[in-house]
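Chains, contacts and geometry: an overview
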2 protein chains.
Amino acid sequence: MAEPIDAYLEPIDFFFDFSSPYGYFAAARIDSIAARHGRSVTWRPILLGAVFKVTGQQPLPTIPLKGDYIRHDLVRSARLFRLPFKVPTTFPVASTAACRAFYSATDANPELAKRFALAVYTAYFVHDRDISAPEVIVDVATQVGIAREDITRALNEPALRDRLRSEVEDAIARGVFGSPYFIVDDEAFWGSDRIDQVERWLSSGGW
Amino acid sequence: MAEPIDAYLEPIDFFFDFSSPYGYFAAARIDSIAARHGRSVTWRPILLGAVFKVTGQQPLPTIPLKGDYIRHDLVRSARLFRLPFKVPTTFPVASTAACRAFYSATDANPELAKRFALAVYTAYFVHDRDISAPEVIVDVATQVGIAREDITRALNEPALRDRLRSEVEDAIARGVFGSPYFIVDDEAFWGSDRIDQVERWLSSGGW
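This text gives an overview of the structure that appears in the document. (Residues numbered from 1 in each chain as written. Chains lettered and ligands numbered in written order. Predicted model: local features only at pLDDT ≥ 70, side-chain atom pairs only at ≥ 80, totals over all residues. Heavy atoms only, no water.)

**Side note on the sheet that holds strand β1 (residues 12-16) of chain A**
Spatial strand order, β2-β1-β3-β4 (chain A): four strands in an open sheet with mixed pairing. Two strands lie at the open edges of the sheet, namely β2 (41-45) and β4 (187-190) of chain A, each paired on one side alone. Within this sheet the neighbouring strands show an average axis-to-axis angle of 20 degrees, counted without direction. Relative to strand β3 (residues 181-184) of chain A, β1 of chain A runs antiparallel, the two being bridged by three bridges. Residue pairing across strands places Phe-15 of chain A opposite Tyr-181 of chain A, the latter belonging to β3 of chain A. Packed onto the sheet, helix α4 (residues 66-81) of chain B meets β3 and β4 of chain A and runs at close to 100 degrees relative to β4 of chain A. (Pairing = 2+ DSSP bridges. Helix = DSSP H or I, 4+ residues; strand = E, 2+ residues; numbered from the N terminus. Axes fitted to C-alpha atoms, helices over the stretch in contact; angles between N-to-C directions. Contact = heavy atoms within 4.5 Å.)

**Brief notes about the interface of chain A and chain B**
A common measure of how large an interface is: the accessible area buried when the components associate. On the chain B side, the residues contacting the 30 residues of chain A number 30 residues. Remark: the boundary between chain A and chain B carries six salt bridges. In this structure, the connection of chain A to chain B is made through 16 residue pairs in polar contact (both at pLDDT 80 or more). Every element with two or more residues in the side of chain A that touches chain B is listed here: α3 (48-55), α4 (66-81), β4 and α10 (195-204) of chain A. With eight residues, α4 of chain A is the single largest residue contributor to the side of chain A that touches chain B. Tallied by class, residues from the side of chain A that touches chain B come to 16 nonpolar, six polar and eight charged. (Salt bridge = Lys/Arg side-chain N within 4 Å of Asp/Glu carboxyl O. Polar contact = N/O pair within 3.5 Å; in protein donor to acceptor, adjacent residues only side chain to side chain. Nonpolar A, V, L, I, M, F, W, Y, C, P; charged D, E, K, R; others polar.)

**A closer look at helix α3 (residues 48-55) of chain B**
All names here are of chain B. Among all positions in α3, only Leu-48, Val-51, Phe-52 and Thr-55 are buried. Projection of α3 onto a plane perpendicular to its axis shows the buried side chains occupying an angular sector of 100 degrees, all on one side. Buried residues in α3 make contact with α9 (158-173). Two residues or fewer after α3 comes Gly-56, characterised by a positive phi angle close to 75 degrees. (Buried < 20%, exposed > 50% of the residue type's maximum accessible area, 1.4 Å probe, protein only. Arc of directions from axis to C-beta.)

**Concerning the packing of aromatic side chains**
This model, assessed by the stated rule, comprises 56 aromatic pairs over all chains. Centre to centre, the rings of Phe-25 of chain A and Phe-81 of chain A are 5.7 Å apart; their planes meet at 65 degrees, and the pair counts as edge-to-face. On the criterion of sequence distance, the pair formed by Phe-25 of chain A in helix α1 (residues 21-27) and Phe-81 of chain A in helix α4 is long-range, its members being 56 residues apart. Looking at Phe-81 of chain A, the relative accessible area reads 26%, which means it is partly exposed. When the centroid spacing of 4.9 Å and the interplanar angle of 75 degrees are considered together, the rings of Trp-201 of chain A and Trp-207 of chain A count as edge-to-face. The ring centre of Phe-81 of chain A lies 4.6 Å from the NZ or CZ of Arg-29 of chain A, which sits over that ring. Over the ring of Phe-189 of chain B we find Arg-76 of chain A, and its NZ or CZ is 3.9 Å from the ring centre. (Phe/Tyr/Trp six-rings, centres within 6.5 Å; stacked < 30°, edge-to-face > 60°. Lys NZ or Arg CZ within 6 Å of the ring centre and 35° of its normal.)

**Concerning the nonpolar core**
With 147 residues, the main nonpolar core has Phe-116 of chain A together with Phe-116 of chain B as its most contacted residues. Excluding residues within four positions of it along the chain, Phe-116 of chain B makes contact with Ala-98, Ala-101, Phe-102, Ile-137, Val-140, Ala-141, Val-144 and Ile-146 of chain B. (Core = buried A, V, L, I, M, F, W, Y, C linked by side-chain atoms within 4.5 Å.)

**Quick look at the environment of Val-140 of chain A**
Residues and elements named next belong to chain A. Looking at the element boundaries, Val-140 is found in helix α7 (residues 134-143). Under the relative-accessibility criterion, Val-140 is labelled buried at 1%. Separated by 104 residues in sequence, Val-140 and Arg-36 place their C-alpha atoms 29 Å apart.

**A short note on the environment of Val-93 of chain A**
Tracing the chain through its elements places Val-93 of chain A in the loop between α4 and α5 (96-106). Between the C-alpha atom of Val-93 of chain A and that of Asp-130 of chain A, which follows or precedes it by 37 residues, the distance is 7.9 Å.

Okay, structure coming up:
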């Protein structure tokens, strides 16, 4: 049974890219895990493309041998987590529009922004929709109850472009190099296969 | 309690690099996990340097941001697995001599070769010895009971150089791109954090 969220404990920071399938697997699970330990989660979508410019890394699907393994591992992992999943036709894609839409909503209503984020992941990894297209992002946003005029305005607002840039810069400054990436009380965990360790850290305060 | 090893079941293939710390964590655990399910394990040391030429990847410690994370994750993971561990002064190093020594022993006596491999990992990740030096490899080999003249001869034998090259080529042909890497009945698992999935696969035959 979930404990009440403890306002004296820092939220967990959850960094992810909207075209990261392991980010999708993590997004589906992290809030309920945190809630079991009385913790909230701050979601922070980022652009892995900008991060990879710093680290010199490449998107997983483009790496020889590893790309093929990852395609298989994703399908197998989804089956293990009992999550619907299909490798998208175009993978990865740019997620700038999705990120801006998220940040337009999250300050006023973080729970709505999370529902939107999960709907973007579902559009991409279940229904194979092209989430790089602004019109798809507008459609997904209206599905979860964001007003069409709000989301259309948001996607063209320079302030949101700046917000996204500064979120990505902050993430890099904090060491984020992949998706998903969690920071729990200054302790960093990378990858959806570190979620069990995140939970162990939350329950024990370290080891 | 361990079941007897079932000779009708294929061994698990375990690929690793001697300078891979996650390979060390896996080497310490994989045989006992396999044995719980009546399975044996064939150890196959490889040279990640040769693999990275195919995949275009870099050694973990050299990657910006990720390198720092990995150093921290290694120490934290070792504590979780209750394994002695220290980040070596020089990391990674070339492991050609260790690989040749391993293959000189494994056909005649795979259990002795495994003891040697674990001793190499201990020399490197616990005692910070330079395992790229042939004299260190000779010393470690004699510690586990390999005759000094046998190991000295082996390190200079052209047949072992060819054996190592063909083992690495075979690994790449089978899709191996990292360390540790497991193949269980044609199902591939990469990374020490996939060992739990390897065990689940062994117990259920898949999911």
